[in-house]
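# Per-entry structural report
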There are 2 protein chains.
Amino acid sequence: MSTPPTPQATAATRRPRGRPARSGLTAQQVREQLVRAGVALLTERGISATPLEDVVAATGLPKGSFYHHFGTKEAWVSEAIGAYGQYFERKLQRHFDDPTLPALQRLQSFVDDACAGMARYGFTRGCLVGNLGQEVNQLPEAQRQQLEAIFARWEDLLAQCLGEAVRAGDLNPAAELHTLAHAFWIGWEGAILRARLCRSTEPMTCFVTHYVAGLPRA
Amino acid sequence: MSTPPTPQATAATRRPRGRPARSGLTAQQVREQLVRAGVALLTERGISATPLEDVVAATGLPKGSFYHHFGTKEAWVSEAIGAYGQYFERKLQRHFDDPTLPALQRLQSFVDDACAGMARYGFTRGCLVGNLGQEVNQLPEAQRQQLEAIFARWEDLLAQCLGEAVRAGDLNPAAELHTLAHAFWIGWEGAILRARLCRSTEPMTCFVTHYVAGLPRA
């Protein structure tokens with residue numbers, strides 16, 4: 001799935017505001033850079049395969065910056081999860097609330113966007129929530145709940161979109177919208193995993209085609 | 001999903017055969033123990049979160065045994081992938097070839113077995129192939145292909161089972177069996193991931209219910 005731009009790209013296009021640190025960036029900008037690096041690295045590799053050395057190397061910031069802003073890797077991961085959740089929610093709203101498309105085509109529009117994002121990053125970036133879900137045995141309980149809450153939010157947004165398809169007469173009014181939205185996000189994470197493994201968006205389109213075939217029609 | 005018994009359990013129930021090493025086990029038994037430990041640990045955590053120290057600790061064998069038998073972590077991972085693939089293929093054949101059940105119920109029988117296995121290990125063990133697929137960015141190309149080949153084999157087995165459902169008149173003869181089998185394994189890995197995250201088999205049954213709803217009926 002597409003992810004926010006890498007921290008390097010962001011740093012190159014922004015001017016520091018407020019009092020600059022030795023890096024030439026404000027404290028807020030340093031923090032944002034570290035969170036963005038977190039989103040990028042965790043989306044590529046997950047937590048276990050991301051040593052702090054790689055985080056600071058990705059930003060070009062000194063290691064002290066990391067400890068100053070976050071104290072622990074766990075706190076930094078939590079903030080990256082939150083940032084990814086917000087970023088992804090905006091993306092979903094952009095697609096699922098698009099009034100120019102019929103509701104079921106909005107889902108396809110999101111899928112097309114996700115396929116383009118996967119290809120743009122050469123299938124190296126998956127879904128941060130899925131990656132960290134795979135590491136659940138090593139996650140603190142608070143982060144496990146953070147991931148569950150993000151899935152619940154995504155399911156709400158899709159259920160609303162499917163509800164519009166019911167109102168438009170495209171889906172059966174008896175459709176269990178939350179169960180259907182739940183089934184989508186369950187399988188979608190498998191589609192992302194498989195797309196990365198075979199370096200193709202084909203598993204994403206295959207999954208969605210079968211998912212849509214299973215929706216109860218009006 | 002259920003996995004083979006842990007190495008500890010196996011060691012406790014077996015007597016050494018042939019000339020025993022210092023551990024009291026034959027070379028073959030030592031090798032098997034290390035591979036079994038690999039299947040268990042990689043199914044729980046994947047590669048990045050499994051240091052060699054944990055492998056030897058899980059078996060109680062000296063570190064030298066590991067290097068003697070495998071030389072590198074990569075060789076050991078490849079053998080564990082192969083062992084898991086064989087184990088899982090036998091499981092699938094047991095369910096999908098069961099002549100006492102209608103073909104579509106054989107799929108449900110596999111799902112029930114997988115749900116029981118997930119619960120038995122307290123949702124700590126996922127699918128080795130899915131776990132390692134999530135780490136694809138760090139995998140050698142040969143292992144990536146090994147995982148793809150295992151998915152292809154699982155898809156063949158499910159496509160054959162779905163073919164029997166066609167012959168029994170339960171599915172439409174125009175059904176694209178391999179595409180349908182492909183869609184199952186794509187989403188199934190997402191279902192395993194989500195079941196571990198929320199510590200419940202509910203995502204597995206939710207996914208399968210929607211999957212079966214999307215199958216083209218006769």
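## Observations regarding the interface of chain B and chain A
Taken together, the contact pairs 44 residues of chain B with 44 residues of chain A. Both faces considered, chain B and chain A share a buried interface measuring about 3,700 Å² in area, 60% of it formed by carbon and sulfur atoms. Looking at the side of chain B facing chain A, the largest losses of area belong to B:Gln134, B:Leu197 and B:His210, adding up to 20% of the total buried there. Between the two partners, chain B and chain A, sit four salt bridges. Between the two partners, chain B and chain A, sit 18 residue pairs in polar contact (both at pLDDT 80 or more). Listing elements by their share of the side of chain B that touches chain A, those giving two or more residues are helix H2 (27–45), helix H7 (128–134), helix H8 (141–167), helix H9 (177–198) and helix H10 (202–213) of chain B. In terms of residue count, the dominant contributor to the side of chain B that touches chain A is H9(B) (15 residues). For the side of chain B that touches chain A, the residue count by class is 19 nonpolar, 14 polar and eleven charged.

## Comments concerning the relation of the copies chain B and chain A
Relating one copy of the chain to the other takes a rotation about an axis and a shift parallel to that axis. Under the fitted operation, chain B is carried onto chain A by 0.0 Å of movement along the axis and a turn of 180 degrees, and the coordinates agree to an RMSD of 0.0 Å. Given the turn and translation reported, the copies of this chain are related as if by a two-fold rotation axis. Of the residues that chain B buries at the interface, 100% are likewise interface residues in chain A, meaning the two copies contact each other through the same surface.

## Considerations on unusual backbone geometry
Not every positive phi belongs to a glycine, and B:Phe123 is a case in point at roughly 65 degrees. Summarising the element assignment, B:Phe123 is placed in the loop between helix H6 (103–120) and H7.

## Focus: the confidence of the model for chain A
Residue and element names in this part refer to chain A. Across chain A, the average pLDDT comes to 91, with 90% of residues at or above 70. Contacts from residues 7–20, a stretch scored under 50 in pLDDT, to residues over four places away or in other chains number 22 contacts. The complex prediction reports pTM at 0.90, with the ipTM value standing at 0.89.

Conventions adopted
Residues numbered from 1 in each chain as written. Chains lettered and ligands numbered in written order. Predicted model: local features only at pLDDT ≥ 70, side-chain atom pairs only at ≥ 80, totals over all residues. Heavy atoms only, no water. Contact = heavy atoms within 4.5 Å. Buried area = accessible area lost by both parts, 1.4 Å probe. Salt bridge = Lys/Arg side-chain N within 4 Å of Asp/Glu carboxyl O. Polar contact = N/O pair within 3.5 Å; in protein donor to acceptor, adjacent residues only side chain to side chain. Helix = DSSP H or I, 4+ residues; strand = E, 2+ residues; numbered from the N terminus. Nonpolar A, V, L, I, M, F, W, Y, C, P; charged D, E, K, R; others polar. Least-squares fit on C-alpha atoms with pLDDT ≥ 70 in both. pLDDT = per-residue confidence, 0-100.

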